Amino acid sequence: MNSLGLKLAPPISLFGKGQGTTTSKKNDKTLFGGKGANLAEMSSIGLSVPPGFTITTECCQFFCDPKTWDQQLPPMLWEQILTAVGTIEHNMDMQFGNPQNPLLLSVRSGASISMPGMMDTVLNLGMNDEVCQGLAEKTGNARFAWDSYRRFLEMFGNVVLDIPRVLFEEEIDNIKYERGVYQDSDLAVEDLQLVVQRFKAVYADQNLEFPQDVTEQLSLAIGAVFKGWMGPRAVKYREVENIRNLLGTAVNVQSMVFGNMGETSGTGVCFTRDPNNGEDELFGEFLINAQGEDVVAGIRTPKPISELASVMPEVYAEFKSNTDILEQHYGDMQDVEFTIQEGKLFMLQTRNGKRGGEAAVKIAVDLVEEGLVTQRQAINKVLPEHLDQLLHPRFADVESKDYKTAVMAKGLPASPGAAVGRLAFTNEKVVENKQNGIPSILVRDETSPDDVEGMYDSEGILTARGGMTSHAAVVARGWGRPCICGCTALNVDEENGEMTITTEDGQTKTFKEGEFISLNGNAGEVLEGKQLVAPPAITGDLKTFMGWVDEARSIDVLANADTPADAAEARKNGANGIGFCRSEHMFFQPERI
């Protein structure tokens, strides 16, 4: 036990610039979280990781407990945090809060088990009025400086001070409307200065004041991330995912690198294999002149990662090499976040990627064939719910005339499977329908972490904006919910409880809440009405995988079958016999009663 009362480890571990090779290893995810441990490990294998430090999950446990730190950072811990910030300053040759040479930081959560979209992130921490002016002068890019400032004001206000994000979005949308532009990136420097002014007014309207002191910003942000562990989104996600007995979340404080410094900068999210079907090809997206939250938030629709090869060929080649190194090192498909700052690639995060059932089985089989894992290790990578997804129905005949006629629009196939349900435009309506036994399709402009309960209770998810790595896509894949994102033909009118689809021939179709639609998550197709679904079959990679399971298992699998047809199906799918049979059920057929 140290002087802070911690029993398991020192409170802080460094990474980047060769750090992280001793204290925060792969097997320390319990203490340093998946993100912190992986950042340290990426540093140790030579990837370009911006320097930073991790505050342990044990500190979160102490912070949230009223009997220990009672949501306060102890002075001794704060001294160690400032010392760690000094190490980042030395490594980056910058100074936190210095307008002439400012160091900006990101503050991110990171539990030992991935919880995509459920925890909080603050970027560009360290911005204030003087730093913004200094950054503009240093970089010669005033637009970059003011864009970074307005992003920080919104994130800090929402995550740290609980100001509703919609209040900020309304202000920037109003300015875009006034200027006659559609994208945030189309706003000029003077427009962004006005955005900053109006964002500060949002604080004032809430009787709050934005702190100009950068150390106060850091203290409040770390506390907010720790508090987020017990927030309703995170608690609900852990309940749904049956995540128990964790100490808390770690906090990762890291030097910022910028993807919004112009046309030679960008940011992206990428899976080293396709998380929908498991194909061995990069599956991801990127945005030029943007920051990471722009990709996953679904506010802008990004470009496929393959286009990076033509936009920045050298960066793409380095990135592809890095993803190969990561797969070889971890022996699994990885979910990677990266930033390009003025032509230089930085790897921000890696973790084992969430995947659907079809992908999980194919990746497991391919990893064995490639010699990266053993059959037993591959079996452990496939979860019971992955197999459950493969045993769910799919649309019966996607080549039939009736099916093709029913297709109204297409979006990005973000999560595979077939979904049929009644339209619901709010989280609350989906939950209500679920309680009444009514299947729902959740339709939104874009989902947010606040929609987690509705997403879980829905049959499928449809969004007008967002990409293949947006919040909706990642969560839907993890839960096996079919999902279509970035459906540009879709217009959602939540207030009036209806949606409008513009078809390829320019006609419009309007649907009210409660009407049936169908989603084909494999093809990204939105269909009118209730489509016919068909049962699955055990073939191909699934058959290979289940053969390995049969070799490894030490117990028989007996089916619950009540009729000759059920028994035949069970035997066809690999059951050793029938373990439970209600013989009276065979007389339920009309001709037998």
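Residues numbered from 1 in each chain as written. Predicted model: local features only at pLDDT ≥ 70, side-chain atom pairs only at ≥ 80, totals over all residues. Heavy atoms only, no water.

**Q** What should I look at first to understand the nonpolar core in this one?
**A** When a protein is soluble and globular, its nonpolar side chains tend to lie buried together. Residues F53, I55, I81, V107, L218, I222 and F226 are the most contacted members of the largest nonpolar core, which totals 86 residues. Broken down by element, the residue count for this core peaks at ten residues, all from helix 5 (residues 142-160). Residues contacting F53, with those up to four places away along its chain left out, are I12, S13, L14, F15, I81, A84, V85, I88, V251, N252 and V253. One finds C270, F319, V336 and L345 within the second-largest nonpolar core, a separate group that totals 22 residues. (Core = buried A, V, L, I, M, F, W, Y, C linked by side-chain atoms within 4.5 Å. Buried < 20%, exposed > 50% of the residue type's maximum accessible area, 1.4 Å probe, protein only. Helix = DSSP H or I, 4+ residues; strand = E, 2+ residues; numbered from the N terminus. Contact = heavy atoms within 4.5 Å.)

**Q** Explain the sheet that holds strand 12 (residues 344-352) here, please?
**A** Adjacent strands of a sheet form backbone hydrogen bonds with each other and so pair up, either parallel or antiparallel. Read across the open sheet, the five strands follow the order 10-9-8-11-12; overall the sheet is antiparallel. Unpaired on one side and paired on the other, strand 10 (303-304) and strand 12 mark the two borders of the sheet. Relative to strand 11 (residues 334-341), strand 8 (residues 266-271) runs antiparallel, the two being bridged by six bridges. Looking at strand 11, one finds that G266 is bridged to I340. (Pairing = 2+ DSSP bridges.)

**Q** Whenever I open this one, the pattern of salt bridges confuses me. Can you help?
**A** Two side chains that carry opposite charge are able to pair once their charged atoms sit near each other. As enumerated under the stated definition, the model contains 32 salt bridges in all. Measuring nitrogen to oxygen at the nearest pair gives 3.6 Å for the salt bridge that ties D173 to K176. Taken together, the positions of D173 and K176, both in helix 6 (residues 165-179) and three residues apart, correspond to about one turn of that helix. A relative accessible area of 39% places D173 in the partly exposed class. The salt bridge involving D366 is made with K362; its shortest N-O contact spans 3.1 Å. A residue pair is termed a helical-turn pair when its members lie 3 or 4 positions apart in one helix, as D366 and K362 do in helix 13 (residues 357-369) at four residues. (Salt bridge = Lys/Arg side-chain N within 4 Å of Asp/Glu carboxyl O.)

**Q** Honestly, the environment of A476 in this entry has me stumped. Any pointers?
**A** Structurally, A476 can be placed in helix 19 (residues 471-479). Measuring from C-alpha to C-alpha, the distance between A476 and R444 comes to 14 Å, with 32 residues separating the pair along the chain. Setting aside residues up to four positions removed in sequence, A476 forms contacts with S415, I461, R481 and C483.

**Q** Honestly, the state of the cysteines in this entry has me stumped. Any pointers?
**A** A covalent bond bridging the sulfur atoms of two cysteines is what the word disulfide describes. All chains considered together, the criterion is met by zero disulfides. Its sulfur unpaired, C487 is 10.0 Å from the next cysteine sulfur, which belongs to C485. Residue classification places C487 among the buried positions, given a relative accessible area of 0%. (Disulfide = S-S within 2.5 Å.)

**Q** Which parts of the structure should I look at to understand the sheet that holds strand 7 (residues 250-255)?
**A** Here five strands make up an open sheet; going across it, the order is 1-2-7-5-6 and the pairing antiparallel. Across the chains shown, the open sheet's two edge strands, defined by having one partner strand only, are strand 1 (12-15) and strand 6 (121-125). Within the sheet, the average angular offset between the axes of one strand and its neighbour, ignoring direction, is 20 degrees. Helix 1 (residues 29-44) rests against strand 1, strand 2 (52-55), strand 5 (105-110) and strand 7 of the sheet, and its axis sits at about 35 degrees to strand 7. (Axes fitted to C-alpha atoms, helices over the stretch in contact; angles between N-to-C directions.)

**Q** What am I meant to see in helix 3 (residues 75-92) here?
**A** For helix 3, with 18 residues, the first-to-last C-alpha span of 26 Å sits near the 26 Å given by 1.5 Å per residue. Listed as buried for helix 3 are L77, W78, I81, A84, V85 and I88. One side of helix 3 holds all its buried residues, which, seen down the axis, span an arc of 120 degrees. Across from the buried face of helix 3, at angles greater than 90 degrees, the exposed residues are P75, E79, T83 and H90. Backbone geometry just after helix 3 places D93 at a positive phi near 55 degrees. (Expected span 1.5 Å × (residues − 1). Arc of directions from axis to C-beta.)

**Q** Any chance you could explain unusual backbone geometry here in plain terms?
**A** Glycine aside, residues mostly have negative phi angles, and peptide bonds mostly take the trans form. Even without a glycine there, the phi angle at D70 is positive, about 50 degrees. Relative to the helices and strands, D70 resides in the loop between helix 2 (57-64) and helix 3. One non-glycine residue with positive phi stands out, namely N207, at about 60 degrees. Along the chain, N207 falls in the loop between helix 7 (189-205) and helix 8 (214-228). Of the residues examined, N207 reaches a relative accessible area of 73% and is grouped as exposed.

**Q** What am I meant to see in the side chain of Q254 here?
**A** Along the polypeptide, Q254 turns up in strand 7. Engagement of the side chain of Q254 in a polar contact is seen with the backbone oxygen of P50, the distance being 3.0 Å. In this structure, Q254 is in contact with F15, L39, V49, P50, P51, G52, L104, L105, S106 and L348, ignoring residues within four places of it in sequence. (Polar contact = N/O pair within 3.5 Å; in protein donor to acceptor, adjacent residues only side chain to side chain.)

**Q** Would you mind showing me how to read the environment of D332 here?
**A** Take D332: it is sitting in the loop between helix 12 (313-330) and strand 11. Separated by 60 residues in sequence, D332 and T272 have C-alpha atoms that sit 8.9 Å apart. Beyond its immediate stretch of four places on either side in the chain, D332 contacts T272, E327, N352, R355, I363, L367 and K381. Within polar-contact distance, the side chain of D332 engages the side chain of R355 at 2.9 Å.

**Q** Explain helix 8 here, please?
**A** Between its terminal C-alpha atoms helix 8 stretches 21 Å, which fits the 21 Å expected from 15 residues at 1.5 Å a residue. Of all the positions in helix 8, only V214, Q217, L218, A221, I222, G223, A224, V225, F226 and G228 are classed as buried.

**Q** What exactly am I supposed to notice about the packing of helix 5 against helix 7 here?
**A** Helix packing geometry: the angle between the two helix axes and the distance between the axes. For the pair helix 5 and helix 7, interaxial distance at closest approach is 9 Å and the crossing angle is 20 degrees. In terms of orientation, helix 5 lies roughly parallel with respect to helix 7. Crossing of helix 5 over helix 7 shows left-handed handedness. Residue-level contacts link A142, R143, W146, D147, Y149, R150, L153, E154, F156 and G157 of helix 5 to V189, L192, Q193, V195, V196, F199, K200 and Y203 of helix 7. Split by residue class, the contact of helix 5 with helix 7 holds eleven nonpolar, two polar and five charged. (Parallel < 35°, antiparallel > 145°, perpendicular 65-115°, else oblique. Left-handed = near helix turned anticlockwise from the far one by under 90°. Nonpolar A, V, L, I, M, F, W, Y, C, P; charged D, E, K, R; others polar.)

**Q** Is there a simple way to think about the packing of aromatic side chains in this case?
**A** The geometry of an aromatic ring pair comes down to the distance between the two centres and the angle between the two planes. Under the counting rule described, the total for this entry stands at 17 aromatic pairs. Considering the side-chain rings of W146 and Y149, the 6.2 Å spacing of their centres and the 45 degrees angle between planes classify their relative orientation as tilted. Residue W146 and its partner Y149 are located together in helix 5, separated by three residues, close to a single helical turn. One exposure class covers both W146 and Y149, and it is buried. (Phe/Tyr/Trp six-rings, centres within 6.5 Å; stacked < 30°, edge-to-face > 60°.)

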